[in-house]
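Architecture and fold: a report
Chain by chain, the residues run as shown.
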Amino acid sequence: MSAPVTYSSDSIVTIERHILEEQKTYPEATGVLTSLLYDIALVGKYIASRISRAGLVDILGATAAINVQGEVVMRLDELADETIIRLNQHTGRLAVMASEEHPDIIPIPEQYPTGKYVLLFDPLDGSSNIDVNAPVGTIFSIYRRISEEGPGTLSDCLQPGKNMVAGGYILFGTSTMLVYTSGNGTHGFTLDPTLGEFLLSHPNIQIPSKPKYYSVNQGYDIYWSEGVRKFTEYLQGKDGQSKPLSSRYIGSLVGDFHRTLLAGGIFYYPADKKDPKRPTGKLRLLYEAAPLAFVMAQAGGYASDGTQDILEIVPHDLHQRVPLFIGNRELVEKAEEFIRTYDT
Ligand code: AHM
Ligand code: MG
């Protein structure tokens, strides 16, 4: 049996305390962003409590079925989506929301006040992994509205990542972790299920300078461009110049990203030709690529679509997809170099 975890009260930094301390460094802050981030931590706790029971779905009921208690049982991605909307629409902090699960923007219902922020989210990325008990994650980003007042608009949601005020993710893995940045470093918190609190476990995360893994769905390499194939061969040391990197791929973006952030290396989901309808890769700029790019940039790394910084891309569509190369700057820049040399 492992020894019980003990804390000295001095060393415990809850997410609330951390966010409040950060707020103090911005004298002009009103506390609204602080509260919004705290609402997101609450979302994390709620979804974590439901996900931990996912393996019981056959006993408790399936999608949209009525369970033994007479409650409607929702799919977890739908539940996560509804939870985020329900916990945030009434607070008066948001002008509008947008979710990977909804084709259009999500307005704040008329009975509630609107606020100055915009919340974009992927409620449960990689949800197909739940069936095999692999990690999944919620990804979020927060922007200031650009419209003056009243209901938020589509333009409020279509802002480049460099305008982001805060972004991050909640990883539901062996532990539940919340990792976020508000432009002042990237910080990680681990949920202590006995306390029901996120505690600061990874302050000021910096991606290790020595890359350890590359992460890509290599099963699709026949659909890749010449540049992406040559870049992968470079990572594998096939050019005879470099040592091969080890490879890891879960197929769950938040898990693959988190490992890349903590261990060093590169994750990429390149453009591919497997589906003529989406020649620009699979991942979405607003809900996946941009928030992770902000987290990575604040941890000393870099994200690119293969030609430019993800944070510079001005979105034209809520569900626009982009190729994503993210991790150690030198590797991402190497990918750009291969793409420039072979694909243009
Ligand atoms: P989703 O948004 O439908 O859950 O899909 C996104 C997921 C990511 O988590 C992951 O990086 C990618 O799809 C894996 O795709 P593939 O199975 O093509 O490798
Ligand atoms: Mg997704």
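Just so it is clear, the model here is predicted, and its values are computed rather than measured.

1. Describing the coordination of the magnesium ion (ligand 2)
Coordination of the magnesium ion (ligand 2) by the protein comes from Glu-100 (OE), Asp-122 (OD), Asp-125 (OD) and Glu-288 (OE), over a distance range of 1.9 to 2.4 Å. Read in sequence order, the donor residues coordinating the magnesium ion (ligand 2) give the pattern E-x21-D-x2-D-x162-E. Taken together, the residues Glu-100 in the loop between strand S3 (94-99) and strand S4 (106-107) and Asp-122 in strand S5 (residues 117-125) connect sequence positions 22 residues apart. The same class applies to Glu-100 as to Asp-122, namely buried.

2. Remarks on the nonpolar core
Nonpolar side chains in soluble globular proteins generally cluster together in the buried interior. Membership of the largest hydrophobic core comes to 41 residues, with the highest contact counts inside it found for Leu-120, Tyr-169, Phe-257, Leu-261, Ile-310, Leu-324 and Ile-326. The dominant element in this core, judged by the number of residues it contributes, is helix H8 (residues 285-298), at 10 residues. Each of two domains, domain 1 (15-202) and domain 2 (213-343), supplies a minimum of three residues to this core. With residues near it in sequence (within four places) discarded, Ile-310 still touches Leu-285, Ala-289, Ala-290, Ala-293, Ala-303, Ser-304, Asp-305, Val-322, Pro-323 and Leu-324.

3. Remarks on the pattern of salt bridges
Pairing is possible between side chains that carry opposite charge, provided their charged atoms lie close to one another. Taken as a whole and assessed by the stated rule, the structure comprises nine salt bridges. Put simply, Glu-333 and Arg-329 hold a salt bridge, and the shortest N to O gap is 2.8 Å. With Glu-333 and Arg-329 both in helix H9 (residues 329-343) and four residues apart, the pair spans about one turn of that helix. Assessed through its relative accessible area of 39%, Arg-329 is described here as partly exposed.

4. Let's talk about the site of ligand 1
In the vicinity of ligand 1 there are 15 residues, among which Asp-125, Asn-217, Tyr-249, Leu-253 and Tyr-269 approach most closely. Asp-125 is positioned such that a nitrogen or oxygen atom in its side chain is 2.4 Å from an oxygen atom of ligand 1. One nitrogen or oxygen atom from the side chain of Tyr-269 is found 2.6 Å from an oxygen atom belonging to ligand 1. Of the residues that constitute the shell around ligand 1, the class distribution is five nonpolar, five polar and five charged. Taken together, domain 1 (15-202) and domain 2 (213-343) each give at least three residues to the shell around ligand 1, which thus spans both.

5. Some points on the pairing of S5
Most of S5 sits out of view: nine of its nine residues are buried. Across seven bridges, S5 lies against strand S6 (residues 136-144) in antiparallel orientation. Within the sheet, the bridge partner assigned to Phe-121 lies in S6 and is Phe-140.

6. Comments concerning the packing of aromatic side chains
This structure, assessed with the given rule, holds 11 aromatic pairs. Seen in terms of ring centroids, Trp-224 and Tyr-268 are 6.2 Å apart; in terms of plane orientation they differ by 50 degrees. Their pairing is tilted. Placement of Trp-224 in the loop between strand S11 (213-215) and helix H6 (226-235) and of Tyr-268 in strand S13 (residues 265-269) is noted, with a sequence separation of 44 residues between them. Across this residue pair, the class does not change: Trp-224 and Tyr-268 are buried. Each residue in the set Trp-224, Phe-231, Tyr-234, Tyr-268, Phe-325, Phe-338 and Tyr-342 is aromatic and connected to the rest through ring pairs, giving one cluster.

7. Re the domain arrangement of the protein
Each domain of the protein was delimited in the assignment, giving domain 1 (15-202) and domain 2 (213-343). Inter-centroid distance (C-alpha atoms) of domain 1 to domain 2 is 25 Å. Domain 1 puts 45 residues into the contact, and the matching count from domain 2 is 30 residues. Each partner contributes to the roughly 2700 Å² buried at the junction of domain 1 and domain 2, and carbon and sulfur atoms together form 68% of this total. At the junction of domain 1 with domain 2, the criterion picks out one salt bridge. Put simply, Glu-312 and Lys-162 hold a salt bridge, and the shortest N to O gap is 3.1 Å. Across the domain 1-domain 2 interface, the total number found is 13 residue pairs in polar contact (both at pLDDT 80 or more). Among the secondary structure elements, those contributing two or more residues to the side of domain 1 that touches domain 2 are S3, S5, S6, helix H5 (154-157), strand S7 (166-172) and strand S8 (176-181). A class-by-class count of the residues in the side of domain 1 that touches domain 2 yields 23 nonpolar, 17 polar and five charged.

Analysis parameters
- Residues numbered from 1 in each chain as written.
- Chains lettered and ligands numbered in written order.
- Predicted model: local features only at pLDDT ≥ 70, side-chain atom pairs only at ≥ 80, totals over all residues.
- Heavy atoms only, no water.
- Donors = N, O, S within 2.8 Å, 3.2 Å for Na, K, Ca; no water.
- Helix = DSSP H or I, 4+ residues; strand = E, 2+ residues; numbered from the N terminus.
- Buried < 20%, exposed > 50% of the residue type's maximum accessible area, 1.4 Å probe, protein only.
- Core = buried A, V, L, I, M, F, W, Y, C linked by side-chain atoms within 4.5 Å.
- Domains from an automatic or database assignment.
- Contact = heavy atoms within 4.5 Å.
- Salt bridge = Lys/Arg side-chain N within 4 Å of Asp/Glu carboxyl O.
- Near = heavy atom within 4 Å.
- Polar contact = N/O pair within 3.5 Å; in protein donor to acceptor, adjacent residues only side chain to side chain.
- Nonpolar A, V, L, I, M, F, W, Y, C, P; charged D, E, K, R; others polar.
- Pairing = 2+ DSSP bridges.
- Phe/Tyr/Trp six-rings, centres within 6.5 Å; stacked < 30°, edge-to-face > 60°.
- Buried area = accessible area lost by both parts, 1.4 Å probe.

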